[in-house]
Structure formats: C-alpha cells, structure tokens
Amino acid sequence: MTRAVVGFVTPVADPSAGRALVLDDALGPPSPARFFMALAGEATAPVRLGAGDVLVVDCAAVPRSGQTVVVEADGEFALATWTPTPADDTSAPRLFGVVTHVLATVRPTGRRA
Amino acid sequence: MTREQVGVRARLDLAEVGDSGGGERAPGGHPDAAWKWSRRSGHGHHRRTNEAWAADDTALPVATGVTHRLSRPRPDVRRAPPAAPMSRRVFALVDASQFYVSCERVFRPDLDGRPVVVLSNNDGCVVARSEEVRARGVRNGVPWFQVRDLLPGAVPFSSNYPLYADFSRRVMETLATVSPDVELYSIDEAFVALPADTPAALAAWADAVHDRVRQWTRIPVRVGVAPTKTLAKVASEVARARGLAGHRATAVLAGTAGAAADALAAMPVTDVWGVGPRLGARLRAAGVTTAAGLAAMPDPSVRRLLGVVGLRTALELRGVSCLPLTRAPAARRSLTRSRSFGRRVARRDEMAEALATHAADACRALRREGLAARALQIFFHTPRHGAGPHHAASRALAFSAPTNRTPDVTALARRLLADAWPGDGRFGFGKAGVLLLDLVPADAVPRDLFLPERTATDALLAAVDRINARFTGRGTGRTRPVVRFASEGTPRGTTTESGHAWAMRQRQRSPGYTTDWRALPPVRLAPPA
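Think of each chain on its own: its residues are numbered from 1, step by step along the sequence as written. Chains carry letters and ligands carry numbers; both start at the beginning, A for chains and 1 for ligands, and go up in the order they are written. Reporting of local features is limited, given that this is a predicted model, to residues whose pLDDT is at least 70; pairs of side-chain atoms are given and counted only at 80 or more, and all residues count toward the totals for whole chains, interfaces and linings. With hydrogens and water excluded, all non-hydrogen atoms of the structure serve as input to the side-chain values.

**Student:** I tried to follow the overall build of chain B on my own but got confused; where do I start?
**Tutor:** Helix and strand content of chain B: 17 helices and 14 strands. Exposure categories follow from relative accessible area, calculated using a 1.4 Å probe and restricted to protein chains: below 20% of the type maximum is buried, above 50% is exposed, and the middle band is partly exposed. Per-residue burial for chain B yields a buried fraction of 53% across its 529 residues. The contact definition used throughout considers only heavy atoms, calling two residues in contact when any of these lie within 4.5 Å. Considering only intrachain contacts with a sequence separation of at least 6, the fraction spanning at least 24 residues in chain B is 71%. Throughout, the Shrake-Rupley method with a 1.4 Å probe supplies accessible areas, and for residues the shown protein chains are the sole cover considered. Total accessible area computed for chain B in this model is approximately 23,500 Å², and 54% of it derives from carbon and sulfur atoms. Secondary structure elements are taken from DSSP: a helix is a run of H or I of four residues or more, a strand is a run of E of two residues or more, and numbering for both begins at the N terminus.

Written out as structure tokens, the structure is:
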C-alpha cells in the first residue's frame, strides 16, 4: 500500500534528479485519474485512520478482490473492501476508485481526533 | 461485461491507435498556431505511455496482463490493406455535455438524476443546466430568479471555475493518453485526430475513449468520429441522441460513402458548425434549410452566397477535410493565446511578462470581435520531451464581471501566477498561455455602476486599439502592436492593483474539492456488515 514508484519508465531516469525529494514522487507520475478525498470517520482496518486523513484514490485502476476502494452508496462516498459482483447486480454500490495511498496523521495511542 | 474486461479492451484499442499516431504539425510560426492550444501530447511527465502504465503495476493492477495481451494481434478487427496509407486521418470530437453540471455532480452522488443548474457570476443567469432542467424547457442564459419557481427541487450552484478548469485538464490529459494529437477547442470540447480505420474499429475506439474518460475523470462525454471536424460536430449530435436514448453516447460517421447522409438530412443548416444566424438567413432565403442541402449546393453558388468560409464548410460536410487540427471557425466560446518560449523561462517576472503579453493579445481579439470573457485560465509547462525536471501548472478564476479590458485580465493573470508559481529557478518552462473562458457578447454585459472610472479605461483602450490598428499589421511592416501595456515589457515594474472587488456573490458555490486541501470530498466508513 505504501510502495513507491517502481518500474516507471521515463527518459529522465529519476524524476527527482537534481532536486530535493517531494512527497509527490512517492505517489508515482501524476495522473488525471487521481483524486484526493478525506476520511470522515475513524477506521481500524486495514490500518488505524482518523477523520481528515487523506485518501489517494485512483479512478483508472481496476480493483482486485480485497483491495480498499471508495464506492458510491446512498448518495455518499464510503470506504469498502472490493468484492467482485456480477455486472447485472444493480444493487451493488458503484465503484468510484481504488485507494492507493493514505496520508495519515499519526496520533497518540488511545486518542484520536 | 465486467469492468475488468472493459478496461482491458479499452487499453487494447487505445494502444493500437497510439502506436500508429503521428503526422504533421502546424508550423509554430503560423499565425493560427497561437490561437488554439494544440496539444501534441500530455504535459511532460503527466503523460503516461501504455508501456509506462504497464510497468507501473502499483497504480494499475490490470496493466500486467495487458502487456501480455498487447503482443497478440486482435482477431476481430480487419486492418486496412497496406495500400490504404495510415496518413488518412479522421477526427473525433470529444464533448462533455452539461460539463459544469457534470463537474458539480462528481463529488455529489446524491445529485444523480436531480435537476441541477449552474449560475453565472453573482448568481445571475443559468449558464449550465442538467438534462432534467433542459427537458423542462429552461434555456441557458435566462435569469435564475425568473425560472427558479418553475424548478422546485432544483439544486443551484454558483460557478466554480477552478473546479471546472481542473476537470477540463483531467479530461484533456486523459485524451492525451489515447492520441498524440489533441486540440483543446473549449473548456469542455476537444478534437482528437486519429488514423482512419474501418467503421467497426473506429466505433470500438470511440467506445473505449468514452469509457476511459468516464472512468478516469468521472465526466460523461460524447464521442463523434468523422472524416472532417465539421462532420465530427454532426457525429457528436448523433452521439447526443444515442446517449439520451440510453445507449453509449458515441457515433461514427466515417468509413463508408454516405455514412453521414441521414444525419445531414435531419440537421437544420443553422446547427452546422460555422453557420451562424447570419449565414443561416442567407441560406434560408436561397431555399436551403438542412445540412444536406448545403452539402449538395454547387461550389460556385456556395461561394457566391457564403464566401470562401462557407465553401469550406460545404466541403467539410462532403467529407473533404479543410480545417486542420489547430484551426476553428469563428464562433467561439473560448479564446487561447499561447506560445512556446525561445528559451527556457525560470523566473516569475519573465513569466508574468509572457502572460501579460498573451493577455493583451487575447483582449485585443476579444474587443475586435465584440466579446467579453467570464473567466480566465493561465497555464505554463516545461517542454514535454526536454530534460527534466518537469512541471505543469494551470489556474483559473472568474472575473467579477465579464470583461475584455486588458488591465482586468493582466491583473487576474498576475494573481493566478502568484498562486501557481513554484519558485524561481526550479523549472525551465517552455510554454505559457492564457485561456479566456465563457465568452459572451460585450454589449450584453451590464454597465458597471460602481466603477465609473472604467469608462475612462474603455476610452483609453479604444484609443490604443485604434492606434495599433493603424500602425500594425498588413502593410505597416510591424506585427507587434506599437502601444503596449507596461506589464507586457517591464520585468520588475510593479503596477498598482486596480482595487477590483474580487469577492463576488457566490452563495451557492461548491467547495474546492480538487483545489483546496480543506475541502476534500468526504468518505465515510461503511457501517460494519
């Protein structure tokens, strides 16, 4: 989930060549399908997350079973674990995108914002 | 069909087109080159080749399988024989209908199927409406207070140009992954050139582009493919009808003789791209009411009646491409001025100068055509193929009132640049430009009661335009205007802010979902199952 740029082929061997690292590099090349969203509550799985933590969501990715995804449910966005559903199952929540990274604020144990 | 299958199929189709792309480019020195922002490809590192996608399995799980599949020929598409060279090209118009409404809906899934309108500055008029609103007979441009009672339950939004500009950029960058030849025509329309192919192959390509833009950017688009840009506009209308009928909003009017015949027979001639009310009236007087009628007119008659521009339109309707990718007919909804730099620009004062020059150019064109803009977008980026580091930036904001006054536009451009500038010396930028959005007739702009000093500005600008018209252009040996604004050429000059009331009434403005860290769309945790 936190794996950084691996195997991206570019004429410039290292996108950060000659300059200081910025966090963008860790997300891989910019993509028009990347959105940032904010967690509205607290989660304990797959990692401990709190309200306001930033989800990096890739709408171009096709989710694999068990991946953390954002779905549209009841007119809202919700975090979910992806399970394949038959295409004709209209009651299944609509996929928004795959969560690729989380920018989480580390909080003291036992107390979350 | 599952999403996975669709994704793989789309990737296949797009990869093939991308591989065979190419062709000539409009010469940079051509006067028309600066008019439209022609994008050969995505912004530098923004562009991902299919190979790059495939290698990056973190971001795109599906890609690993694709490299494998790419090496296999597709059994279902018969390639054109070698005798038909790939230099024959067709055009696709990718057009986001109700674009502003679609942008507002991306992060508001609760608005699916509900009537939505987007209002102009100061929440005055309807500038975009959802299909539900259109179906009730509400037209764009009507004052909101006149129709709000007709639309119970309608959700109004103030225009959120930064949001729309961001989604426009996303759509354009997505298109740059399917073809190296993309022309941004307006904030919600782009022409894409691609090699000619069988109707079945083009239809598969159009479907794949439709699905990719929808999936990646969440913006629904129509895709119309045809041998000419004017016919691509017609195809786009056919695609709209297909979309309304519940099909995928794509249409191909290419590949066979007479492919467009039915569509042209059904289309009023005034709906043809480039035929405005004025030419339409002349055609009606001559007994021509449909697009097919115009296409069938003998060349000399067209030329006599409509001039060379009309003849070009008639030829385009017959499938003879006369408008290359960087050129558009006169009726415009946005206006771009951009140019590549002679050398890399790394300092903000130089960038400000370049943007001010483009802004002044664009404003002159607006005044000449009697138009005013509601919003401004600036953009600049490093060369795509040069050495890194790469960077691309764009910012957009609305004016407090539609304007074609150079000081208004340069001031806003400077403000946007201050926000977008990454710091001196960090990047060597290769190109910059301004995009004036949502053009309206200047005489429709209400007079500004609270800023009387602007009357003097207008008189000054009119005088400057007259001087420049007399001493610049044909026969004068000069191409650059003789009277320019100091901001265009004084690197460190600090012009005073003109004290604009930037804060406008925007009661219903949506959050900056993609432009403000404090306004990210919320994701709740699903209740435990």
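**Student:** Looking at this model, I keep getting lost on helix H7 (residues 161–175) of chain B. Mind explaining?
**Tutor:** A turn of α-helix holds 3.6 residues, and therefore any two residues three or four places apart point the same way. What a helix is expected to span follows from its residue count: subtract one and scale by 1.5 Å. With 15 residues, H7 of chain B should cover 21 Å at 1.5 Å per step; its first-to-last C-alpha distance of 21 Å lies within 8% of that length. With 14 of its 15 residues buried, H7 of chain B lies for the most part within the structure.

**Student:** Sorry, what's going on with the environment of Leu39 of chain A here?
**Tutor:** With respect to the element layout, Leu39 of chain A can be found in strand S1 (residues 34–39). Using a relative accessible area of 2% as the deciding quantity, one classes Leu39 of chain A as buried. With residues up to four places along the chain from it excluded, the contact list for Leu39 of chain A reads Leu49, Gly50, Ala51, Gly52, Asp53, Leu55 and Leu79 of chain A together with Val523 and Leu525 of chain B.

**Student:** What is the right way to look at the sheet that holds S1 of chain A in this model?
**Tutor:** Within a sheet, adjacent strands bond to each other through the backbone by hydrogen bonds, running parallel or antiparallel. Strands pair, by our definition, only if DSSP identifies at least two bridges between them. Read around the closed barrel, the 6 strands follow the order S1(A)-S2(A)-S5(A)-S3(A)-S4(A)-S14(B); overall the barrel is mixed. When strand polarity is set aside, the average angle formed by the axes of neighbouring strands in this sheet is 45°. Sheet topology places strand S2 (residues 54–58) of chain A next to strand S5 (residues 94–103) of chain A; 5 bridges connect them, and they run antiparallel. Opposite Val54 of chain A, over in S5 of chain A, you have Leu103 of chain A as the bridge partner. Axis definition: a line fitted to C-alpha atoms, limited for helices to the stretch in contact. Angles are taken between N-to-C directions and run from 0 to 180 degrees.

**Student:** Honestly, the side chain of Thr228 of chain B in this entry has me stumped. Any pointers?
**Tutor:** Assignment of secondary structure puts Thr228 of chain B in the loop between strand S8 (222–226) and helix H9 (229–244). Every residue in contact with Thr228 of chain B, bar those within four places of it in the chain, is listed here: Phe91, Glu316, Gly319, Val320 and Ser321 of chain B.

**Student:** Looking at this structure, I do not really get the sheet that holds strand S11 (residues 371–381) of chain B. What am I missing?
**Tutor:** Residue and element names in this part refer to chain B. What the 4 strands build is an open sheet, ordered S10-S13-S11-S12; its pairing is antiparallel. At either end of the open sheet lies a strand with only one pairing partner, and these are strand S10 (335–345) and strand S12 (392–403). Along the sheet, successive strands turn relative to each other by an average axial angle of 15°, direction set aside. Sheet topology note: the S10/strand S13 (residues 429–441) ladder contains 7 bridges and is antiparallel. Each bridged residue has a counterpart across the sheet, and for Ser340 the counterpart in S13 is Lys431. Contacts from H7 reach S11, S12 and S13 within the one sheet, and its direction differs from that of S12 by about 140°. Here helix H14 (residues 348–368) sits on the sheet in contact with S10, S11, S12 and S13, set at roughly 155° to S10.

**Student:** What's the story with the packing of H7 of chain B against helix H8 (residues 199–217) of chain B in this structure? I'm lost.
**Tutor:** Helices that pack against each other are described as a pair by the angle of their axes relative to one another and the distance between those axes. All names here are of chain B. Running from N to C, H7 and H8 point in directions that differ by 140°, and their axes come no closer than 10 Å. Comparing their axes, H8 and H7 come out oblique. Relative to H8, H7 is oriented so that their crossing is right-handed. Of the residues in H8, those in contact with Phe167, Arg170, Val171, Thr174 and Leu175 of H7 are Val209, Arg212, Val213, Trp216 and Thr217. In this classification, the charged set is Asp, Glu, Lys and Arg, the nonpolar set is Ala, Val, Leu, Ile, Met, Phe, Trp, Tyr, Cys and Pro, and all remaining amino acids, among them Gly, are polar. Residues of the contact of H7 with H8, tallied by class, amount to 6 nonpolar, 2 polar and 2 charged. Note on angle classes: values under 35 degrees are labelled roughly parallel, values over 145 roughly antiparallel, values of 65 to 115 roughly perpendicular, and the remainder oblique. Note: crossing handedness is left-handed where the near helix turns anticlockwise from the far helix by less than a right angle, and right-handed where it turns clockwise.

**Student:** Mind showing me how you'd approach the environment of Thr228 of chain B here?
**Tutor:** Given a relative accessible area of 0%, Thr228 of chain B falls into the buried group. Sequence spacing of Thr228 of chain B and Ala254 of chain B is 26 residues, and the spatial spacing of their C-alpha atoms is 9.2 Å.

**Student:** Looking at this structure, how should I read the pattern of salt bridges?
**Tutor:** A side chain with one charge can pair with a side chain of the opposite charge if their charged atoms come near. The term salt bridge refers to a pairing of a side-chain nitrogen on Lys or Arg with a carboxyl oxygen on Asp or Glu at a separation within 4 Å. A full pass over the atoms with the stated rule returns 26 salt bridges over all chains. Here Arg524 of chain B ties to Asp74 of chain A by a salt bridge, and the two come within 4.0 Å at their closest N and O atoms. In this pair, Arg524 of chain B sits in strand S14 (residues 522–525) while Asp74 of chain A sits in the loop between strand S3 (68–73) and strand S4 (76–81), so the two residues belong to two different chains. The exposure class of Arg524 of chain B is partly exposed, given its relative accessible area of 22%. Ionic pairing is found between Lys229 of chain B and Glu183 of chain B, a salt bridge with its closest N-O pair at 2.8 Å. Residue Lys229 of chain B is found in helix H9, and its partner Glu183 of chain B is found in strand S6 (residues 182–186); the two are separated by 46 residues along the sequence. Pair check on accessibility: Lys229 of chain B and Glu183 of chain B agree, each one buried.

**Student:** Any chance you could explain the nonpolar core here in plain terms?
**Tutor:** Nonpolar side chains tend toward joint burial in soluble globular proteins. Definition used in this section: a nonpolar core is a set of buried Ala, Val, Leu, Ile, Met, Phe, Trp, Tyr and Cys residues joined via side-chain atoms within 4.5 Å. Counting residues in each nonpolar core, the largest one holds 63 residues, and the members touching the most others are Val70 and Phe96 of chain A together with Leu175 and Trp205 of chain B. Sort the elements by how many residues they give to this core and H7 of chain B lands first, with 7 residues. Judged by nonpolar contacts, the second largest core, of 33 residues, contains Ala226, Leu231, Leu283 and Ala295 of chain B.

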